[in-house]
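# Fold and contact review
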Amino acid sequence: MSIEKIVEQALRDGYLTPAMEAEVGRICDTASELSIEEYMALDRLMGALLTGEVVVLPRKQFINVMEELVLTEAITRVAEIETTSDRALDVGDIAAYALNRLPPLYATTEEGANYQRQRAKEQLQDLIASQVNEAIVHSQSKPEFFPERQPLGKPSGDVLSQVSALLQSSAPAFEADVPGGTKR
């Protein structure tokens with residue numbers, strides 16, 4: 001779907017879904033240059049967001065507590081290894097390897113996250129340490145097959161970033177002013 005069609009749909013429906021926002025971002029990321037029509041459509045969308053004519057449907061906010069626990073363990077272990085050897089290890093590779101072998105611990109509230117952390121410390125700490133150690137052994141034993149691999153990166157500071165920043169800063173304020181939290 002094009003930016004223009006997404007904006008038309010958002011104006012017609014009165015809301016911008018996370019999928020629509022992601023598609024606009026994907027188009028902005030992959031296009032070498034946006035057309036004047038695309039810029040005008042983005043301008044119409046920004047104006048509609050600012051006036052409340054279009055609202056952003058919220059994304060479900062959640063975290064995987066296991067990620068922070070594995071990262072903490074991996075950073076600690078990698079630091080120990082790197083201080084006693086000349087080997088450099090990739091914490092991201094190690095964490096991903098371990099996370100793929102551990103159960104997720106999702107939470108949507110601070111209380112839920114604290115519960116998951118406590119539960120993991122009581123029941124899963126040995127398993128986490130074991131999987132991180134296995135990931136380190138795997139990382140140390142694998143040859144460098146694809147040195148041209150590109151790590152996952154952050155979106156560049158282009159139109160997508162500007163639109164996302166606007167959506168994040170403007171739309172929630174408009175939704176908060178509306179009784180019932182919806183605006184059409």
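Residues numbered from 1 in each chain as written. Predicted model: local features only at pLDDT ≥ 70, side-chain atom pairs only at ≥ 80, totals over all residues. Heavy atoms only, no water.

Under an unreviewed UniProt entry, the name given to the protein chain is Late competence development ComFB family protein, and the organism recorded is Limnothrix redekei LRLZ20PSL1.

## Brief notes about the nonpolar core
Counting 22 residues, the largest nonpolar core has Met-66, Val-70, Ile-94, Leu-105, Ile-128 and Val-132 as its most contacted members. Counting only elements with at least two residues in this core, the list comes to helix H4 (65-84), helix H5 (91-99), helix H6 (110-123) and helix H7 (125-141). With seven residues, H4 is the largest single contributor of residues to this core. Once you skip the residues sitting within four places of it in the chain, Ile-94 turns out to touch Ala-74, Val-78, Leu-89, Val-132, Ala-135, Ile-136 and Ser-139. In this structure, Ile-3, Cys-28, Leu-45 and Val-54 belong to the second largest nonpolar core, which totals 17 residues. (Core = buried A, V, L, I, M, F, W, Y, C linked by side-chain atoms within 4.5 Å. Buried < 20%, exposed > 50% of the residue type's maximum accessible area, 1.4 Å probe, protein only. Helix = DSSP H or I, 4+ residues; strand = E, 2+ residues; numbered from the N terminus. Contact = heavy atoms within 4.5 Å.)

## Digging into the packing of helix H1 (residues 3-13) against helix H3 (residues 36-51)
One can describe the packing of H1 onto H3 by two numbers: an axis separation of 9 Å at closest approach and a directional angle of 25°. The angle between H1 and H3 falls in the class roughly parallel. The hand of the H1/H3 crossing is left-handed. Side by side, H1 and H3 meet where Ile-3, Glu-4, Val-7, Ala-10 and Leu-11 of the first sit next to Glu-37, Glu-38, Ala-41, Leu-42, Arg-44, Leu-45 and Ala-48 of the second. Taken together, the residues of the contact of H1 with H3 sort by class into eight nonpolar, no polar and four charged. (Axes fitted to C-alpha atoms, helices over the stretch in contact; angles between N-to-C directions. Parallel < 35°, antiparallel > 145°, perpendicular 65-115°, else oblique. Left-handed = near helix turned anticlockwise from the far one by under 90°. Nonpolar A, V, L, I, M, F, W, Y, C, P; charged D, E, K, R; others polar.)

## Brief notes about a nonpolar patch on the surface
There is a patch of nonpolar side chains on the surface, built from Ile-36, Tyr-39 and Met-40 and spanning about 330 Å² of accessible area. Of note, Tyr-39 is situated in helix H3. On the basis of relative accessible area, Tyr-39 is assigned to the partly exposed category, the value being 42%. (Patch = residues over 30% accessible without salt bridge, like charges linked within 9 Å, V, L, I, M, F, W, Y side chains within 5 Å. Areas by Shrake-Rupley, 256 points an atom, 1.4 Å probe, with all protein chains shown as cover. Salt bridge = Lys/Arg side-chain N within 4 Å of Asp/Glu carboxyl O.)

## Looking at the pattern of salt bridges
Within the structure shown, the criterion is met by three salt bridges. Close ionic contact of Glu-68 with Arg-117 constitutes a salt bridge, the shortest N to O distance being 2.4 Å. With Glu-68 in helix H4 and Arg-117 in helix H6, this pair connects stretches of sequence that are 49 residues apart. Exposure remark for Arg-117: the relative accessible area of 19% places this residue in the buried category. For Arg-77, the salt bridge identified is with Glu-80, shortest N-O distance 2.8 Å. Placement of the pair is Arg-77 and Glu-80 together in helix H4, with a separation of three residues, close to one helical turn. Residue classification places Arg-77 among the partly exposed positions, given a relative accessible area of 22%. Judged by its relative accessible area of 41%, Glu-80 falls in the partly exposed class.

## Let's talk about the side chain of Ser-139
Following the sequence through the fold, Ser-139 ends up in helix H7. The buried category is assigned to Ser-139, whose relative accessible area is 10%. When residues no more than four places from it in sequence are discounted, the contact partners of Ser-139 are Arg-87, Leu-89 and Ile-94.

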